[in-house]
Each structure stands twice: as C-alpha cells, then as structure tokens.
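Working through the structure, step by step
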Amino acid sequence: MTLEDEARRLDETDPLPTLRGEFLVPPAPGGPYAEAAYFAGNSLGLQPRSVAGRLREELDDWARLAVEAHTQGRRPWVDYHELLRGPAARLVGALPHEVVAMNSLTVNLHLMMASFYRPAGTRTRILIEDAAFPSDSYAVASQAVHHGLDPAGTVVRLRPRDGEDVLRTEDVLAYLDREGGTVALVLLGGVNYLTGQLMDMAAITKAGRAAGAVVGWDLAHAAGNVPLRLHDWDVDFAAWCTYKYLNGGPGAVAGCFVHERHVRDASVPKLAGWWGTDPAVRFRMDPDIAPPASADAWQLSNPPIMALAPVLASLEIFDRVGMDALRARSERLTGYLADRLAEAGAEVVTPSDPAARGAQLSVRVPDAVGLVRRLAEAHGVVADAREPDVVRFAPVPLYCTFHDCHRAAAALADLL
C-alpha cells in the first residue's frame, strides 16, 4: 500500500468523516489535483455552502420589507444577534448571557480593557507573550499610553527560554508568583498564531486571578479550534474573531465573553452606545442608559446583519458536530501530518504534545514566502508564511482530509 493509498484509507475509516462537502473548496493553483489542499484556515476559513442562501434570504427581506424587516423578516433584524448567542456560548464554554457577537476582535479587546484594565499604584503591568499577534501588541501599548504610562515599562513580554520556541507554562506561573503584585492584566493568546502552541488557559487564569490580576484571552486561533471552558475556568473576559476556524468570512463580526460576575456588576465601567441599553426600553430613546445584566451591555451599535448571517450559518455546523468530536478528529489529522512532516525532515516548532497544540503545525524553513508560493504553484497546497522563516499548516478538521495532509507532506519533502 502506498502512502497515498494509506491516506485515502484513513479518510474512509475515520470515526468522524470530513464535512468537506459542506464547504466551497477552491481549485488547486497548480499540481495534479483539481482541488486545493487548503491549510490556510487559520487565516481565512472556507465558505460554507449554506452562506450564499442565507445572504440571499436577508437581501430578499430587505427588498420586500425594507425597514419592516427589523421586526417582520424571517429572522427579524432587531434581535438577530440573539440567534448567535446559544451556539457561541456552547462553542466557548460559557453561559448564554456571558457572550455577544459584535464588532471586530481588536475593537472588542479595547472595549474589554476600557472596563478591566484599571492600573493603580504599583499594579500597572500588562502581561503578554513576546510572540503575540502584532495587533495585540499595539492595543496593549496604546492602552498604557491612554493611562499616561510608558509602554516600555508597562507591557511585559514573556519570552521562551533560550533555544526554545514556545513558552513554558511553569515560566508564566513563576512570573505571576514572583511579580503578580505588579500585574494589572494578563492578556495572552489561547493558541499562539505563530507557533500553534495551545496555552494552559485554566492554570494561567487561576494563577493570574490568585495574584490579583484580571485575566483575559485572545481566542482568535482558539475559538472553533479547541474546546474551551471559559466560565468554568473563571476567565474575566475573552474575545475572538470568526473568520479563521469559524469560517464567518473576511472581516466577519467577532465574539466577546464577559464572566457573569462582571455582567451582573453594575459598577463595572464601560464605554456605552445605543445597542448596549436594555432592549425593553431601547426605543424609548431615553438619554440615560439602562444596561442589561449580560454581555450585551458592552455593545455599541446595531449589528450588521449581512455580516452576521455567514457567522450564524457556520456556528450551526459547529453546534451540530460539537467541539469535542472536532477536537478528536483534529488530533488525528494533526498527528498524522506531524509524523509525515518528521519523515520529510521538516523542523516543526509547534509542540509535539497533542495536548499542547491546536490544529496547526508551524515549520521553520528558509525563504518561507517563496516556499509557500512553490507549494501552491507546483503542488496545489495552500499554506501561509510568516516572515522570515515560518510556514504554517492548519489541518482544519471540518474540511481537511488525511489525503490533504499526505499532499502537503509529500510536497514539502519534494521542495526541501
């Protein structure tokens, strides 16, 4: 049996068959296969086939009903975001009133920091990882400046040990034990965008809160990738985008979590807008806000329906399949790809422990940008590069197959 035959056999016998048929897979840019082997779902997920129909329905309601579609549409717009609440809560392990779909990721992080980053006395520091996504670095630095602080002394960037590629949990915990009294906010990525490392969110949250800090998580690469238990872990807040593993489309409306101990605390300061007032009194147009005891209190403006519709269509798929089943398939796919990449002689910087990584394997190569171009043009394998020397492969369990993984490993072996 050839390696390709073995990959096809694994696809035929996997306990959770691929849902590839429910997505629009782009044609291969090159190589012998018709469809791309798509490993860039950690940048932009594929389009669910149901999305076009959902958008047509909303456009039809707009055409037929105009403003009356707010209350008379097949999915009334005035409370459309409520349709996402249950699926989103189940996705991230939250209570329904702790989540809301709104804005974009970095906007939501700023709204959360406006409420929960309250530097005082010697407790001013913001703890992030050195390999944080640049937007997070910009956001926390600007928050420090907003409070009259110097980012150079306020933002602490935790680095891996010399010669290592990922942070050790024990080093994060040791810093919090040693310096926790100076930390106002811990804001880490649940899954690191560069290395694919899955952080021990439960342990770090517990340590951060024990040190007296607020603990928030950027879940851009974790939501829809790994099971989450935000409420049970006692996370203060979290935010995530929906266009990567959640397949909501480019620039899709993001998600936000606020623990119920905060949503029920009227004293928590927050920036306010019309959609953050109680819907029961919203249209009285009162000058004073009456925020509900839910994450909705952090909303600012009415949600964009055409941008929410694709997210809802995708969340319904996750709700139907379940994150535990997807995670199990993800571990099988990622483990298979890891073994094949090792055989190809690739230097994988993502942790080898399946419990310490999501659906991503990052490979260190010279000229990552050039290699990604050759993977696509010569083999029809779509991955992405992070300059100067990292290529990321994301075997997304909803639509990637073992045969895709075979193609990626064989292509990399050929090019290396």
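Residues numbered from 1 in each chain as written. Predicted model: local features only at pLDDT ≥ 70, side-chain atom pairs only at ≥ 80, totals over all residues. Heavy atoms only, no water.

**Regarding the environment of Gly212**
Structurally, Gly212 can be placed in the loop between helix H9 (201-210) and strand S8 (214-218). Overall, the relative accessible area of 45% leaves Gly212 in the partly exposed class. The spatial distance from the C-alpha of Gly212 to the C-alpha of Leu176 is 9.6 Å, given a sequence separation of 36 residues. (Helix = DSSP H or I, 4+ residues; strand = E, 2+ residues; numbered from the N terminus. Buried < 20%, exposed > 50% of the residue type's maximum accessible area, 1.4 Å probe, protein only.)

**Notes on the pairing of strand S7 (residues 183-189)**
For S7, a buried count of seven out of seven residues is recorded, marking the element as mostly surrounded by other parts of the structure. Direction of pairing for strand S5 (residues 125-129) relative to S7: parallel, over a ladder of three bridges. Paired with Leu127 across the bridge in S7 is Val186. Where S7 and S8 come together, five bridges link them in parallel fashion. (Pairing = 2+ DSSP bridges.)

**A few points about the domain arrangement of the protein chain**
Splitting the protein chain by domain gives domain 1 (3-49 + 322-415) and domain 2 (78-319). Taking the mean C-alpha position of each, domain 1 and domain 2 sit 28 Å from one another. Each partner contributes residues to the interface: domain 1 has 33 residues there, and domain 2 has 26 residues. For the pairing of domain 1 and domain 2, the buried interface totals around 2300 Å² over both sides, and the portion due to carbon and sulfur atoms is 59%. In this assembly, domain 1 and domain 2 are joined by two salt bridges. (Domains from an automatic or database assignment. Contact = heavy atoms within 4.5 Å. Buried area = accessible area lost by both parts, 1.4 Å probe. Salt bridge = Lys/Arg side-chain N within 4 Å of Asp/Glu carboxyl O.)

**Digging into the sheet that holds strand S11 (residues 347-348)**
The four strands lie next to each other as S11-S12-S15-S14, forming an open sheet whose pairing is antiparallel. Both outer strands of the open sheet, S11 and strand S14 (384-386), are each paired with one neighbouring strand and no more. The sheet contact formed by S14 and strand S15 (residues 390-393) spans three bridges and is antiparallel. If you follow Asp384 over to S15, its bridge partner there is Arg392. Sheet contacts for helix H13 (residues 323-343): S11, strand S12 (361-364) and S15; angle to S12, the most-contacted strand, approximately 15°. (Axes fitted to C-alpha atoms, helices over the stretch in contact; angles between N-to-C directions.)

**Focus on the sheet that holds S7**
What links the strands of a sheet is backbone hydrogen bonding, and the strands pair in either a parallel or an antiparallel sense. If you trace the seven strands from one edge of the open sheet to the other, you get S4-S10-S9-S8-S7-S5-S6, paired in mixed fashion. Pairing within the sheet leaves two strands with one partner each, and these edge strands are strand S4 (99-101) and strand S6 (155-158). With strand direction ignored, the average angle separating the axes of adjacent strands in the sheet is 15°. The pairing of strand S9 (residues 237-240) with strand S10 (residues 255-258) spans four bridges and is antiparallel. Bridging across to S10, Phe237 finds its partner in Val258.

**Some details on the packing of aromatic side chains**
All chains considered together, the criterion is met by nine aromatic pairs. Between Tyr38 and Tyr399, the ring centres sit 6.3 Å apart and the planes meet at 55°, which makes this aromatic pair tilted. Residue Tyr38 is found in strand S2 (residues 37-38), and its partner Tyr399 is found in the loop between S15 and helix H15 (402-415); the two are separated by 361 residues along the sequence. The two residues Tyr38 and Tyr399 agree in class, both being buried. With 6.1 Å between their ring centres and 25° between their planes, Phe116 and Trp298 make a pair best called stacked. Taken together, the residues Phe116 in helix H5 (residues 105-116) and Trp298 in the loop between helix H11 (260-263) and helix H12 (305-321) connect sequence positions 182 residues apart. This pair shows no difference in class: Phe116 is buried, exactly as Trp298 is. Joined through ring pairs, the aromatic side chains of Phe23, Tyr38 and Tyr399 make up one cluster. (Phe/Tyr/Trp six-rings, centres within 6.5 Å; stacked < 30°, edge-to-face > 60°.)

**Notes on a nonpolar patch on the surface**
Among the surface-exposed residues, Leu59, Trp62 and Met306 lie close enough to one another that they form a single nonpolar patch of about 300 Å² accessible area. Considering the arrangement of structural elements, one finds Met306 in helix H12. (Patch = residues over 30% accessible without salt bridge, like charges linked within 9 Å, V, L, I, M, F, W, Y side chains within 5 Å. Areas by Shrake-Rupley, 256 points an atom, 1.4 Å probe, with all protein chains shown as cover.)

**Some remarks on the UniProt feature "modified residue: N6-(pyridoxal phosphate)lysine" (unreviewed entry) in the protein chain**
On the UniProt side, "modified residue: N6-(pyridoxal phosphate)lysine" (unreviewed entry) is annotated at positions that read Lys244 here. Apart from residues no more than four positions distant in its own chain, Lys244 is found in contact with Gly41, Asn42, Ser43, Leu44, Gly45, Ala220 and His221. (UniProt positions renumbered as here; feature names shortened; annotations may be inferred.)

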